[in-house]
Amino acid sequence: MATITIGIISDIHANLPALQAVLKKMGKTDYLICAGDIVGYNGEPLQAIDILKKRMTYAVAGNHDYTVSRPDQNAFSRELLDYNEFAAKALVRHRLILKRPENKKYFDFLQSLKPVNLFKIKNKTFLLVHGTPNDPLFEYFFVFENNVTTHDALTLEQWLKTGYNNSGPVDVLIMGHTHIPFVFKSEHGIVLNPGSVGQPRDGDPRASFAILKINNGEIEVSIQRVEYDIDRACEGINKLNLPKFLCSRLYKGK
Ligand SMILES: [Fe+2]
């Protein structure tokens, strides 16, 4: 049986040079899965949405995608209070762009993304969320220095056994949101976070993504990194008049 190759990305955050570098390094895959946060923080939201709209096979909304595309302006303003000032500034800017009549298709696309996606590839059940199965949009699941502790492992095992809202066991649980990659394997399945394409926070400034292969029923995952043109990402940030900090953090991977 031929090997199935699946590219997994998350937290692109409108960083076009990073997205382009990841897709180039990834090459052709059978599927492309996105764990959310296409927009926010960086300078090229429309371009990032445009590429992913065409390429993604399975996706979910991230908290930034969800907030920026709230139908109601008051709900948007209220929700902004939950974000730090840098994130909030970028969301305001991105919403202004997305609200222009000519960009309606991008706004609608973000709004169409659901917080949970449960699907099968080659008889393997996948559960895709941005946060966690408890709170698919907003909850963070951090691992300590890329290592899963025994305590974490219990939580992850539980999610593999119960799925989302007791949907049943899953073979692969994909989460994003923390911008820190990890892979956890157990007899029940695999949990992974591919890290962040557009704003890595594990101290490594290279864009992060995952490749998952299914071969004869066996699943194999690797986290991969790729350098990209951070100067160009910063030009995008400056063009939108976003805070300088959003640029400097990219060089540090923090
Ligand atoms: Fe994010």
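To start, this report covers the structure provided alongside it. Note that the structure is predicted; figures quoted are calculated from it, not measured.

The sheet built from 5 strands is open, its strands ordered E4-E5-E6-E8-E7 with mixed pairing. Here the strands that pair on one side only, and so sit at the sheet edges, are strand E4 (116-121) and strand E7 (182-186). With direction set aside, neighbouring strand axes in the sheet form an average angle of 15°. Of the pairings in the sheet, the one linking E7 to strand E8 (residues 189-193) comprises 5 bridges and is antiparallel in character. Each residue of the ladder has a partner; that of Phe184, found in E8, is Val191.

The subject of this paragraph is the nonpolar core. Core analysis: the largest hydrophobic core is formed by 63 residues, its most contacted members being Leu173 and Ile174. It is helix H1 (residues 16-26) that contributes the most residues to this core, 5 residues altogether. Beyond its immediate sequence surroundings of up to four residues, Ile174 is in contact with Ile8, Ile33, Ala35, Phe126, Leu128 and Leu192.

What follows concerns the pairing of strand E5 (residues 124-129). For a regular strand, side chains alternate in direction, first toward one face of the sheet and then toward the other. Sheet analysis places E4 next to E5, joined by 6 bridges and oriented antiparallel. When the bridges of E5 are listed, Ile121 appears paired with Lys124. Hairpin geometry of E4 and E5 is characterised by an intervening segment of 2 residues between the two adjacent antiparallel strands and by a positive phi of about 50° at Lys122. Summarising the sheet, E5 and strand E6 (residues 172-174) pair through 3 bridges and their orientation is parallel.

So, about helix H5 (residues 85-98). Residues spaced three or four apart along an α-helix face the same direction, because each turn holds 3.6 residues. Under the 1.5 Å per step criterion, the end-to-end length of H5 is 20 Å for 14 residues, consistent within 8% with the ideal 20 Å. Burial in H5 covers these residues: Ala90, Leu91, His94, Arg95 and Leu98. The buried residues of H5 occupy an angular sector of 135° when projected down its axis, which confines them to one face. Away from its buried face by more than 90 degrees, H5 exposes Glu85 and Leu96. On its buried side, H5 packs onto helix H2 (45-55), helix H3 (63-68), helix H4 (73-80), helix H6 (104-112) and helix H9 (245-252).

So, on to helix H7 (residues 150-162). In this model H7 runs 19 Å from its N-terminal to its C-terminal C-alpha over 13 residues, within 8% of the 18 Å that 1.5 Å per residue would give. Among the residues of H7, Leu156, Trp159 and Leu160 are the ones counted as buried. Taken down its axis, H7 places every buried residue within 100° of arc, on the same side. Seen from the buried face of H7, the exposed residues on the opposite side, beyond 90 degrees, are Thr150, His151, Leu154 and Gln158. Those residues of H7 hidden inside the fold are in contact with E6, E7 and E8.

A word on the sheet that holds strand E1 (residues 4-9). Within the open sheet, the 5 strands sit side by side as E3-E2-E1-E9-E10. Their pairing is mixed. Of all the strands in the sheet, just strand E3 (58-59) and strand E10 (218-226) have a single pairing partner and so form its edges. Pairing geometry for E1 and strand E2 (residues 31-34), over 4 bridges, is parallel. Each residue of the ladder has a partner; that of Ile8, found in E2, is Ile33. In the packing of H1 onto the sheet, contacts are made with E1, strand E9 (207-215) and E10, and the angle to E9 comes to roughly 30°.

Turning to the pairing of E2, a few remarks are in order. In this fold, E1 hands off to H1, which returns the chain to E2; that crossover is right-handed. Note that E2 and E3 share 2 bridges and pair parallel. Bridge pairing links Cys34 to Ala59 in E3. After leaving E2, the chain enters H2 and then returns to the sheet as E3, a path that is right-handed.

Between H2 and H6, the least distance of the axes is 10 Å, while the angle of their chain directions is 65°. Of the two elements, H2 crosses H6, and the hand of that crossing is left-handed. Here Leu46, Ile49 and Lys53 of H2 lie close against H6, whose contacting residues are Tyr106, Phe109 and Leu110. The residue makeup of the contact of H2 with H6, split by class, is 5 nonpolar, no polar and 1 charged.

Here the focus is the packing of helix H8 (residues 230-239) against H9. At a closest axis distance of 9 Å, the pairing of H8 and H9 adopts a crossing angle of 165°. Regarding the angle of H8 to H9, the classification is roughly antiparallel. By crossing handedness, the relation of H8 to H9 is classed as right-handed. Residue-level contacts link Ile230, Ala233, Cys234 and Ile237 of H8 to Leu246, Cys247, Leu250 and Tyr251 of H9. Each residue belonging to the contact of H8 with H9 can be placed in one class, and the counts come to 8 nonpolar, no polar and no charged.

The rules behind the values
Residues numbered from 1 in each chain as written. Predicted model: local features only at pLDDT ≥ 70, side-chain atom pairs only at ≥ 80, totals over all residues. Pairing = 2+ DSSP bridges. Helix = DSSP H or I, 4+ residues; strand = E, 2+ residues; numbered from the N terminus. Axes fitted to C-alpha atoms, helices over the stretch in contact; angles between N-to-C directions. Core = buried A, V, L, I, M, F, W, Y, C linked by C-beta atoms within 7 Å. Buried ≥ 20, exposed ≤ 12 C-beta atoms within 10 Å, placed from the backbone. Contact = placed C-beta atoms within 7 Å. Expected span 1.5 Å × (residues − 1). Arc of directions from axis to C-beta. Right-handed = clockwise from strand over helix to strand, strands pointing away. Left-handed = near helix turned anticlockwise from the far one by under 90°. Nonpolar A, V, L, I, M, F, W, Y, C, P; charged D, E, K, R; others polar. Parallel < 35°, antiparallel > 145°, perpendicular 65-115°, else oblique.

This is a description of form; function is not addressed.
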